[in-house]
Every structure is written in C-alpha cells, then in structure tokens.
Amino acid sequence: MSKGVSAVNTPSPGKVLFYLVLTTFFWGGSFLFTKIGVREVPPPFFVLLRFSLAAVLMGLLCLPRLALLDRQTVRRGTVVGLALGVTNLTFVVGVQGTSISRAGVINNLFVLFIPLIARTVWKDRIGRINIAGIGLASLGIALLAGGGGEGFNRGDMISTLCAFFIAIHIITVSKVLKDEDVWLVSLVQFCVVALMAAMTALLVPTPPFSLGLTSLGTIIYCAIFPTVVCFTLQNRYQRYVTPTQAGLVYTLDPVWSLLAGFAVLGERLTLREWYGCGLIFLAVLIPLAIRFVIERRLVFRYVR
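As the structure is a computational prediction, the values presented were derived from the model and not from experiment. (Residues numbered from 1 in each chain as written. Predicted model: local features only at pLDDT ≥ 70, side-chain atom pairs only at ≥ 80, totals over all residues. Heavy atoms only, no water.)

Undergrad: Got a minute to help me understand the pattern of salt bridges in this structure?
TA: As a working rule, side chains carrying opposite charge can pair if their charged atoms are close by. The full count for this structure, using the stated rule, is four salt bridges. Residue D181 pairs with R65 through a salt bridge whose shortest N-O separation is 2.9 Å. Taken together, the residues D181 in the loop between α7 (154-176) and α8 (182-203) and R65 in the loop between α2 (43-61) and α3 (71-97) connect sequence positions 116 residues apart. Between E273 and R102 there is a salt bridge, with its nearest N and O atoms 2.2 Å apart. Here the residue E273 occupies a position in helix α12 (residues 271-303), and R102 occupies one in helix α4 (residues 100-107), the gap between them amounting to 171 residues. (Salt bridge = Lys/Arg side-chain N within 4 Å of Asp/Glu carboxyl O. Helix = DSSP H or I, 4+ residues; strand = E, 2+ residues; numbered from the N terminus.)

Below, the structure written as structure tokens:
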C-alpha cells in the first residue's frame, strides 16, 4: 500500500485484481472494435471522433472540479497527451494494417522498450533479465516476419512503433505527473489527442467516408470503455499494486485480442506465427514473472 492511502479506503486484493483484469478486457476489445471501425472511417478521423467523445464525457464527469484546473495541470497534461496522441494514431494505423491477433501481441513489446529507453536517456542499467527478454522478442519478430502471407508487414511495423510510443507515454506519465488531479489530467490528455487527430486529418489526405451504425458503435465503445472507463479504473486501482504486478495483469491484453480475432473475425495464425507470438509473449511475461518473484522474496524477508 502506498503512502497517503488510508487503510480504511483500501480495496481488497481480489477487488483490485478484478478491476485491473477488467481494464485488460476492455483494452483487448479495443483491437476488435478499432479494426471494424477503420473499415469505414479513416484512422485520423476515428481517433478524432473517439477522443472528442471521450473528452466530452470526461468533461461532464469533471464539472465539479473544473475550477481546480490550473496552468500546471494543463501544461503537464499536454505533455502526456502528446505522447498519448502519437500512441493512439499509430495504434489505429497498425491495427488497420495487420491482424488484431498479431497487433495485440506486438503492442505488448512496450514492456521491453521501457528499459531500453531508460538506458538510452538516463543511463539506467538494463539487466540480464531484460536483455534475455529482448533476445526472445527479436526471435519472435523474426518468426513473424517469415509467417503468414505478407510476413512482417507494414501494419506489424506500425504496431511495433506503437509499442515504443506506449513505453514513451508510460515513462512520460511517471516523470511528468506529480500530484495533479488525475481526472483533470485525463480530460486535458483527451483534448490534446483529439486536437492532434484533427490536425492529422487536415494534413493527411483521406478518402471520403460515411459514418454508419457499425462504425458509430465502435467509436462509442472505444470512447467509453477503453478510454474513459479504463483510465478511471487504472488511476483508481493500479496504485494498490507494484508496477510488476500490474505488468503481469496487463499481459492479458493480447489474450483477449487473440480470442476476439479468432471468434469474431475468423483470424487464424500459421504455426510459425504461433511460435513467433508465443516467443514475444514469453519475452514480456518471463522478465515480469522473475521480477515478481524477487519482489515477493524481498517482502517475505522484510516481514520476517
């Protein structure tokens, strides 16, 4: 339990786990709904509509605290929002160009990009565990490159880039945000992403499109569940677990996207692709699992 959190208001471990798993379910669903939505709506407009609606909904939730919005919150929320905007723009383009089964697994590479970025920018030690994970992930990507009809295609490359920006966003949140109101910060972030998507839509030529019931439904889902609801649940419950424990839970994301791809879209992976996705999944899971065991041992020694 972190400092400053009242023991009286601390939720049970089971409740924390339930809501964090629920966030992965909604995030996993965003792969499916985005894939369906961008069939009718160009990616920049999909992001624009999703985050404009999310900003309106979050604004309504923030009405009682809007008077607390100050320059510092706007400034820091904007910085974090820029990282979130690039993440989401690359996310939709990546999902559009590859299967959601592959995109879900590839996006999880953010766990390995974080130590690489920390090493490059702050000279932090990567550690042998992360080096082994990066090696496994590289082998998995090599197998994906030789699997399927197109090998490692453009959508896979954009999804890998998205994983890098996810890592940037996570690091930015930890480095930039301090004691700001998480609701107001989320509101600023959503507004920034919507503005970035609008600018991208103006700069990048896009074909004409019409918003049908299906695409409208996907936008509503993505605005409410993996955006407003997930940000709220993550901000509310992730503070009660360690980053390693949260990382282990979040590895469920590609599981949900794989299941959705199979059940709804009829996606199938070749044996080589299965091996590649499996290695990438293990590359993320094994370092997190080892860190979790180390943390548990340290807690056990401290308690004794």
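Undergrad: Which parts of the structure should I look at to understand the packing of helix α5 (residues 110-122) against helix α6 (residues 128-145)?
TA: Any two packed helices are characterised by the angle at which their axes cross and by the distance between the axes. Running from N to C, α5 and α6 cross one another at 130°; their axes reach a closest spacing of 10 Å. When the axes of α5 and α6 are compared, the pair comes out oblique. By crossing handedness, the relation of α5 to α6 is classed as left-handed. Facing α5, whose interface residues are L112, P115 and L116, α6 presents N130, G133, I134 and A137. The residue makeup of the contact of α5 with α6, split by class, is five nonpolar, two polar and no charged. (Axes fitted to C-alpha atoms, helices over the stretch in contact; angles between N-to-C directions. Parallel < 35°, antiparallel > 145°, perpendicular 65-115°, else oblique. Left-handed = near helix turned anticlockwise from the far one by under 90°. Contact = heavy atoms within 4.5 Å. Nonpolar A, V, L, I, M, F, W, Y, C, P; charged D, E, K, R; others polar.)

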